[in-house]
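Each chain, letter by letter, is given below.
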Amino acid sequence: MDTSRRAFIRTAAASAVVPVLGPAVLDALERRLEPFDRLSPSAAATEEEFWAEIRKAFPVPADYINLENGFSSPQPAPTFEAFQRYQQSINSGLSFYMRRKNAAEKLAVKQQLAELAGCPVDEIVITRNTTESLGTVIHGVDLAPGDEAVMCNQDYGTMLEQFRQQSRRRGLKYVEIAIPLTPRDDQEMVDTYAKAITPRTKLVLVSHMINITGQILPVRKIAEMAHARGVAVIVDAAHSFAHVAFKVPDLDGDYLGASLHKWLCAPLGAGILHIKKDKIRSVWPLFGETSVPEDDIRKLERIGTHPTWTNLAIADAIRFHRMIGAERKEARLRYLQQYWTDRVRGLPKVYLNTPAGNRACGIANVGMTGSTPAQLADILFDRYRIYTVAIDTVPVKGVRVTPHLYTTTGELDALVKALGELARAS
Ligand SMILES: Cc1ncc(COP(=O)(O)O)c(C=O)c1O
């Protein structure tokens, strides 16, 4: 890590405002939010009083505007305090807890997670993150030399790397397609994937929400097309899970991975893997497990000792998420994105890499001709104290802007003003 990055992180950590809200007052917060239940999700999306209450639960940086919430989410105070409580209580009497109590408590969390995901508990595993969830599949399925896997140039780098390794190791043919930034319609996207499928194709990877642009892909339609050709579908839902309102079966993927430390706001290192019941047999456990039947998903749970308090706090994250409501959360995040993108669309030199309407939600990407993404991100931070991230890939050049539930429209006004000044400067 370079020194400026280290110094930045030190300053940011020192300046985070620790909220005073704790788990004891979560009930009170729920009661304060109750009057808003009469509003539809879209009406609640613009109700600043509601979101001001939510903001109080998050640690908001005091000296810069954080519009880079796509990396991971801070935990809201009730979740963070529960997480710390679990650490403290388990730490005293650790082996007793692990041997006598952990299995039942973890199962209870898993049941809540399955309910949130809308699928049976015997189709999910709690993992550490999307990388592990999808890696378990990419490295766990049988692949023969010459088998093909289709993915796109805007999928997450780590997933592409895992397929590249399978290409080196097992002779898998790695087929990376280019997808449109702003498709005309769903069919154009489905056709783009369909064209890459051959009789040797075994797997298609589809990102539900592209992390660098925020584009939402018509996963179900792509899955139906792939299934009709006998091809299994891996869904990367790292950014869509608990961001847009959907249930895992809606997408019809055979395998799905998501990170719960992103939009569910769980502690770092929490993820979910879903495998359709009839596909569980197709995945070999990476670490070996012969004591569990091959069609029992628990064969993937022998992963060694890991931070169990993270898993327990998933239940608290779910409670916070349910308090807001999946539809209300999606509506707010889309509203925030459209709030600023609508105001900068059409500015000289400014271009958006994110489709309009329901093809995106909270995440969007903006570029400016004449500036590299890194220059734009730097000037936004150095001159305006607005933190974003530069995306400089072949298909996408711009800065990714990711508001959060605690973001105010005032903060987005600051971004709009900054982009306006930069766009008009010669
Ligand atoms: C689309 C996508 N997939 C996978 C990942 C990897 O997530 P994790 O680091 O939690 O495994 C990310 C991370 O940002 C992502 O955006």
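You'll find the structure just up there.
What you see is a predicted model, and the numbers here were worked out from it, not measured in a lab. (Residues numbered from 1 in each chain as written. Predicted model: local features only at pLDDT ≥ 70, side-chain atom pairs only at ≥ 80, totals over all residues. Heavy atoms only, no water.)

(A) Structural detail: the overall build of the protein. Regarding its fold elements, the protein presents 15 helices and 13 strands. Taken over the C-alpha trace, the protein has a radius of gyration of 22 Å; the compact-globule value for 426 residues is 22 Å, and the two agree within 12%. For the C-alpha atoms alone, the extent of the protein along its principal axes is close to 60 × 55 × 50 Å. Put simply, the protein has 426 residues, and 55% of those count as buried. Carbon together with sulfur atoms contributes 53% to the accessible area of the protein, which is approximately 18600 Å² in total. In the protein, the 52 positive side-chain charges and the 48 negative ones have mean positions that sit 3 Å from each other. (Helix = DSSP H or I, 4+ residues; strand = E, 2+ residues; numbered from the N terminus. Rg over C-alpha atoms; globule rule 2.2 N^0.38 Å. Buried < 20%, exposed > 50% of the residue type's maximum accessible area, 1.4 Å probe, protein only. Areas by Shrake-Rupley, 256 points an atom, 1.4 Å probe, with all protein chains shown as cover. Lys, Arg positive; Asp, Glu negative; His and termini not counted. Charge placed at Lys NZ, Arg CZ, Asp CG, Glu CD.)

(B) Focus on the pairing of strand 13 (residues 397-401). For strand 13, the tally of buried residues reaches 4 of 5 residues, placing the bulk of the element in the interior. When strand 12 (residues 389-392) meets strand 13, the two strands line up antiparallel, connected through 4 bridges. By the bridge assignment, Ala390 is partnered in strand 13 with Val399. (Pairing = 2+ DSSP bridges.)

(C) Quick look at the site of the ligand. Around the ligand lies a shell formed by Asn129, Thr130, Thr131, Tyr156, Met159, Asn211, Asp236, Ala238, His239, Ser259, His261 and Lys262. Residue Asn129 places a side-chain N or O atom 3.4 Å away from an oxygen atom belonging to the ligand. At 2.6 Å from an oxygen atom of the ligand is found a side-chain nitrogen or oxygen belonging to Lys262. For the ligand, the accessible surface in isolation is 390 Å², of which the surrounding protein chains cover 89%. (Near = heavy atom within 4 Å. Polar contact = N/O pair within 3.5 Å; in protein donor to acceptor, adjacent residues only side chain to side chain.)

(D) Spatial organisation of the environment of Gly370. Mapped onto the fold, Gly370 is located in the loop between strand 10 (364-368) and helix 14 (373-384). For Gly370 and His274, which are 96 residues apart along the polypeptide, the C-alpha to C-alpha distance reads 44 Å.

(E) Representation of the sheet that holds strand 7 (residues 255-259). Read from one edge of the open sheet, 7 strands run 2-8-7-6-5-3-4, paired in mixed fashion. Each edge of the open sheet carries a strand with a single partner, namely strand 2 (124-127) and strand 4 (173-177). On average, each strand axis in the sheet is inclined to that of its neighbour by 15°, with strand direction left out of account. Pairing of strand 3 (residues 148-152) with strand 5 (residues 201-207), which is carried by 3 bridges, proceeds in the parallel orientation. Paired with Glu148 across the two strands is Thr201, which belongs to strand 5. The strands that helix 9 (residues 186-194) touches are strand 3, strand 4 and strand 5; relative to strand 5, the one it contacts most, it runs at about 145°. (Axes fitted to C-alpha atoms, helices over the stretch in contact; angles between N-to-C directions. Contact = heavy atoms within 4.5 Å.)

(F) Molecular detail of the sheet that holds strand 12. Taken in spatial order, the 4 strands make up an open sheet running 9-10-13-12, and their pairing is antiparallel. With one partner strand each, in any of the chains shown, strand 9 (350-352) and strand 12 form the two edges of the open sheet. On average, each strand axis in the sheet is tilted by 35° relative to the strand beside it, whichever way the strands run. By the bridge criterion, 3 bridges tie strand 10 to strand 13 in an arrangement that is antiparallel. Of the residues in strand 13, the one forming a bridge with Val366 is Val399. On the sheet, helix 15 (residues 409-424) packs against strand 9, strand 10 and strand 13 and is oriented at approximately 25° with respect to strand 10.

(G) Region of interest: the pattern of salt bridges. Evaluated as defined, the whole model comprises 29 salt bridges. The closest approach of N and O atoms between Arg302 and Glu289, which form a salt bridge, is 2.8 Å. One end of the pair, Arg302, is in the loop between strand 8 (271-275) and helix 12 (308-324); the other, Glu289, is in the loop between strand 8 and helix 12, with 13 residues separating them in the sequence. Note that Glu421 is salt-bridged to Lys417, the shortest N-O span being 3.2 Å. Of this pair, Glu421 and Lys417 both sit in helix 15, 4 residues apart, which is roughly one turn of that helix. The partly exposed category is assigned to Glu421, whose relative accessible area is 38%. Here the salt bridges share partners, and the residues they tie into one network are Asp27, Glu30 and Arg319. (Salt bridge = Lys/Arg side-chain N within 4 Å of Asp/Glu carboxyl O.)

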